[in-house]
Amino acid sequence: MKFIRPALALSVLAAAALGHPRWVAAQDAGSAQPPAERPVIVERIEVRGNQYLPKDTLLYYVSTKAGTIYDEEVIKADFRRLWEAGFLDNMSVEENDTPAGNKIIIFTVSERKRVQIIDYRGSKALTKTSIEDKLKEKEASIKLDSFFDPAKARRVEEVIREMLKEKGRLFGTVKHEAKTIGGSGEQVTFTIDDGPRTKIKSIEFENNTVFSDGRLRGEMKKLKQAGFWNLSWLSGKSTYNEEKWSEEHETLRDHYLNAGYVAATIGEPRITYVDGKSGLFRKKPVKWMMIQIPVEEGEPYRVGKVKFEGMTLFKDELVLPIFKIKEGEIYSEKKLKKGFEKLRDAYGAQGYFQYTGFTKRTPNKDTKTVDLVLDINEDKQYFVGKINFAGNDSTRDKVIRREVYLTEGDVFNTELLKLSIRRINQLGYFKPIEKAPELGPSQLAENKIDVTLRVEEQNRNQFTFGGGVSGLEGKFLNASFQTSNFLGQGETFQVSAQTGKRTKNYQFAVTEPYLFDRPITAGIDLYKRKIIYQTFASANVFGYQDDRTGASFTTGFPLGRFSRVFFNYAYEVVTISQAALDPNDPLNFSTPTISDSFFIEDLGKRRESRLSPSLVYNTVDNPFTPHRGMKLTASGQFTGGPLGGTLNYFRPDLEAIVYIPHTRKTALGLRAQVGFIRPFSGTSVIDPVTGRSSLPFYLRFYMGGEQQIRGYNIRAVGPREPSSTSLVGGDKFALFNAEYYIDVVGPVRALLFFDAGQSFLAGDRITPKSFAVSTGAELRFIMPVLNVPFRLIYAINPNADPLFADKRTFRFAVGTTF
């Protein structure tokens, strides 16, 4: 350190260790040095030159305080600490002596400029929002009011260049400019030149004789030649980048390995560019890419000796059949990968979730065989530490915990964890869990893992108040509250009231899925419903009034992880009477009438006392947007007999639903359902005049509606009286539905459907040729407030009778078909 007179007013550079800032010490040459035995006190500390940074903020990094003993080394350390805080662009420190022989420390600072404006200019391929989202993802954002850092700006440039490449702009450029605004503000501008779009014109292979160019191009999923029919213009697959090529390199390599070409190699592509134009209507400049990929195929190899290394948990002879490989057969990489996946599940079920396995291949060029060593790294067995939940602001922990098959302290079974996630998704309380749960070391023990399941609540409370119009119920007013997660405890609760010219409905229902904190379902449903069925056919209006008052009680318990048995008892009073009809009602819809003779016979009041057992096996992953799983239901209604009432019948029903995933965003759904009704005792007695039993028409099967055959009105499909258009209702039915789902974006789902079904009389055979058929397309989305699917349906009815159904129809509906 160098001492100079203050009159010189000079600053010198600090020692090399202090870098850019300056250290200046000043002393009055005429002043006498204080006595050695008297300590020098720091009288005060001043900060000069700061505009926006408070003095206290800067002095926080200075350990020397007013009134403390002066120590040159401590001040040097303070100087270094303040500089390394990163607030300053330049600084210096001065020491001035006071008449009393003490010191005044003066820090003179020049603040770094803060970023006040960030803008992105020149790009049409990228938006400001997309750039900012990507920067957040890459943790490369420049925050407003932060100090400008050129290194961070260069990182932003790298991210933007990567985004341009993803968009096929391989020749795009970006540069930044920092401009001072105001006293200490900085405007950072990123100027982007998209450059011409780059598209793949051709992909060719060299030296390939076993597989043609077309076959190899067909194996590639991420990169495609530009064309209309392969939809590359829609999916962006005609743009090239290194990440896509890396995936395709593995794809092509696996293709040869699956065919036994163990020695095959895929070289790096040679790319050439040609200027051109592209576009369907408006031609735009483009850089065409010609890609040539060298291939060395070799010859196919057969499996030689196979052995395991590192596997101690399972026996070799028990595991080898999982891989489905035999000595002497053509080598297949696909079989090995599937085998390792199955082995991963087996290890995961035993707590070895960090198991890894890979194949060591030793090809023999002379015999054209390849010896295999299946190398297993078992790692160690883990146990469950703590199970935590995050994101369940309304739903209580115990509601989720009771659906988790893992138990704290037990073996960390990854298969049970997967089943637990599926079960939580089935509840419908949360958005589907798609990300893997968070796993971390537990403080309980070294070999324990803490599991955190992060969920996102979705509103399961439905409150409605208003009115509506429908072809079935006419005009109505309604108010209701319904929730499947009442007070976050998992109960289903519903109270509703609806009144109108054709309908009056009142209902109170509550269901507890875990009675006394045990997996026992208990529920009660009290209701009163009245509806007038009014239809129009051949210039005649026909209708009847269906009035029901009843109560039902439900209980159930699990038989397995995804299977439950339920028992429902209901007592219902049903009154059928003639309705006051309005022939001018514009809401009348054209459909076959019910047979007049049936209607006249069925007027009056009936009491039904019925017991309905059901067995349900359900592995469907989500109730509203399913992709995989199945639901099998066997149910029946036993009415009358020892239960009392005025009707006696047995009504079984079988339903099978399966969902098959196709791609990440598509799936196929299938449903098949059959059922029949058989009266017994007094209800089965045949009337000698009509030739029919006393089973009322409303218990018979009439098909149609958005939950069965979408293109037909409700109760519009069924057997008719000979030489008449009147429906008589069936004693049995068969129904088939198929849906192909396409998840568009967020809660929006498009689907193609095919419905077919019919009801039949007791003595008739079920023949698919007589099925009513409806096919078409549907757009379905979850309504944000009600959280139920809203549906727009366009249906084509190819074999519809024009007297009773349109060939084409458009409908609105709520819910799902199955």
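As a starting point, this report considers the structure included with it.

## Thoughts on the layout of surface pockets
And step 1. What the second largest pocket holds in volume is close to 1400 Å³.
And step 2. Mapped by element, the contributors of at least two residues to the lining of the second largest pocket are α11 (414–427), β19 (448–454), β30 (649–663), β33 (732–745) and β34 (748–760).
And step 3. Considered class by class, the residues forming the lining of the second largest pocket number 18 nonpolar, 10 polar and 15 charged.

## Topic: the pattern of salt bridges
And step 1. In the structure shown here, the tally under the stated rule is 43 salt bridges.
And step 2. The partner of Lys418 in a salt bridge is Asp345, with the nearest N and O atoms 3.2 Å apart. Taken as a pair, Lys418 in helix α11 and Asp345 in helix α9 (residues 333–349) lie far apart in primary sequence, 73 residues in all.
And step 3. Among the ionic pairs, Asp546 bridges to Arg548, the shortest N-O distance being 2.9 Å.
And step 4. For Arg548, a relative accessible area of 18% translates into the label buried.
And step 5. Several salt bridges converge on common partners, so that one network encompasses Arg710, Glu739, Asp755, Glu778, Arg780 and Arg791.

## Structural notes on the packing of α9 against α11
And step 1. Interaxial distance between α9 and α11 falls to 6 Å at its minimum, and their mutual angle equals 95 degrees. Here α11 runs roughly perpendicular to α9, going by the angle between their axes. Facing α9, whose interface residues are Asp345, Gly348 and Ala349, α11 presents Thr414, Glu415 and Lys418.
And step 2. Here the residues of the contact of α9 with α11 are counted per class, giving 1 nonpolar, 2 polar and 3 charged.

## A word on empty space enclosed by the protein
And step 1. Under the criterion given, the structure shown has 2 cavities of 30 Å³ or more.
And step 2. Here the second largest cavity defines a volume of roughly 40 Å³.
And step 3. In terms of lining residues, the second largest cavity is bounded by Phe624, Thr625, Pro747, Arg749, Arg780, Phe781, Ile782 and Pro789.

## Quick word on the environment of Leu761
And step 1. Turning to its location among the elements, Leu761 is positioned in the loop between β34 and β35 (772–782).
And step 2. With sequence-adjacent residues up to four places away left out, Leu761 is seen in contact with Pro719, Val728, Gly729, Asp731 and Lys732.

## Quick notes on the pairing of strand β23 (residues 503–512)
And step 1. Bridge count between strand β22 (residues 491–500) and β23: 8 bridges; the pairing is antiparallel. Residue pairing across strands places Thr492 opposite Thr511, the latter belonging to β23.
And step 2. Between the antiparallel neighbours β22 and β23 lie 2 residues.

## Topic: the nonpolar core
And step 1. In terms of nonpolar packing, the biggest core is built from 24 residues, with Tyr698, Leu699, Ile709 and Tyr712 touching the most fellow members.
And step 2. Counting residues per element, the ones that place at least two in this core are β24 (521–537), β26 (563–578) and β33.
And step 3. Among residues more than four places away in sequence, those in contact with Leu699 are Glu608, Leu647, Tyr649, Arg651 and Ile677.
And step 4. Counting residues in each nonpolar core, the second largest holds 21 residues, with Phe389, Val399, Phe412 and Leu427 among its members.

## Brief notes about the pairing of strand β15 (residues 356–364)
It is a general feature of regular strands that their side chains alternate between the two faces of the sheet.
And step 1. Pairing of β15 with strand β16 (residues 369–377) involves 9 bridges; the strand directions are antiparallel. Its bridge partner lying in β16, Lys360 is registered against Val373.
And step 2. The turn linking β15 back onto β16 is made up of 4 residues, and Lys368 within it adopts a positive phi angle of 55 degrees.

## Digging into a positive patch on the surface
And step 1. Together, Lys124, Lys167, Arg197, Arg282 and Lys284 line one region of the surface with positive charge.
And step 2. Here Lys284 is to be found in strand β13 (residues 284–296).

## A few points about the packing of aromatic side chains
And step 1. For the structure on display, the rule yields 30 aromatic pairs.
And step 2. Relative to Phe430, the ring of Tyr429 has its centre 6.1 Å away and its plane inclined at 75 degrees; by these criteria the two rings are edge-to-face. With respect to class, Tyr429 is no different from Phe430; both count as buried.
And step 3. Site record: aromatic cluster; members linked through ring pairs are Tyr60, Tyr61, Phe87 and Phe147.

## Examining the environment of Glu158
And step 1. If you trace the backbone, Glu158 turns up in helix α4 (residues 150–166).
And step 2. For the pair Glu158 and Ala140, spaced 18 residues apart in the sequence, the C-alpha separation amounts to 9.7 Å.

Cut-offs and rules
- Residues numbered from 1 in each chain as written.
- Predicted model: local features only at pLDDT ≥ 70, side-chain atom pairs only at ≥ 80, totals over all residues.
- Heavy atoms only, no water.
- 1 Å grid on protein atoms, 1.4 Å probe; cavity = no way out; pocket = protein on both sides within 12 Å on 5 of 7 lines; lining within 4 Å.
- Points joined across faces, edges and corners; volume = space filled by probe spheres on them.
- Helix = DSSP H or I, 4+ residues; strand = E, 2+ residues; numbered from the N terminus.
- Nonpolar A, V, L, I, M, F, W, Y, C, P; charged D, E, K, R; others polar.
- Salt bridge = Lys/Arg side-chain N within 4 Å of Asp/Glu carboxyl O.
- Buried < 20%, exposed > 50% of the residue type's maximum accessible area, 1.4 Å probe, protein only.
- Axes fitted to C-alpha atoms, helices over the stretch in contact; angles between N-to-C directions.
- Parallel < 35°, antiparallel > 145°, perpendicular 65-115°, else oblique.
- Contact = heavy atoms within 4.5 Å.
- Pairing = 2+ DSSP bridges.
- Core = buried A, V, L, I, M, F, W, Y, C linked by side-chain atoms within 4.5 Å.
- Patch = residues over 30% accessible without salt bridge, like charges linked within 9 Å, V, L, I, M, F, W, Y side chains within 5 Å.
- Areas by Shrake-Rupley, 256 points an atom, 1.4 Å probe, with all protein chains shown as cover.
- Lys, Arg positive; Asp, Glu negative; His and termini not counted.
- Charge placed at Lys NZ, Arg CZ, Asp CG, Glu CD.
- Phe/Tyr/Trp six-rings, centres within 6.5 Å; stacked < 30°, edge-to-face > 60°.

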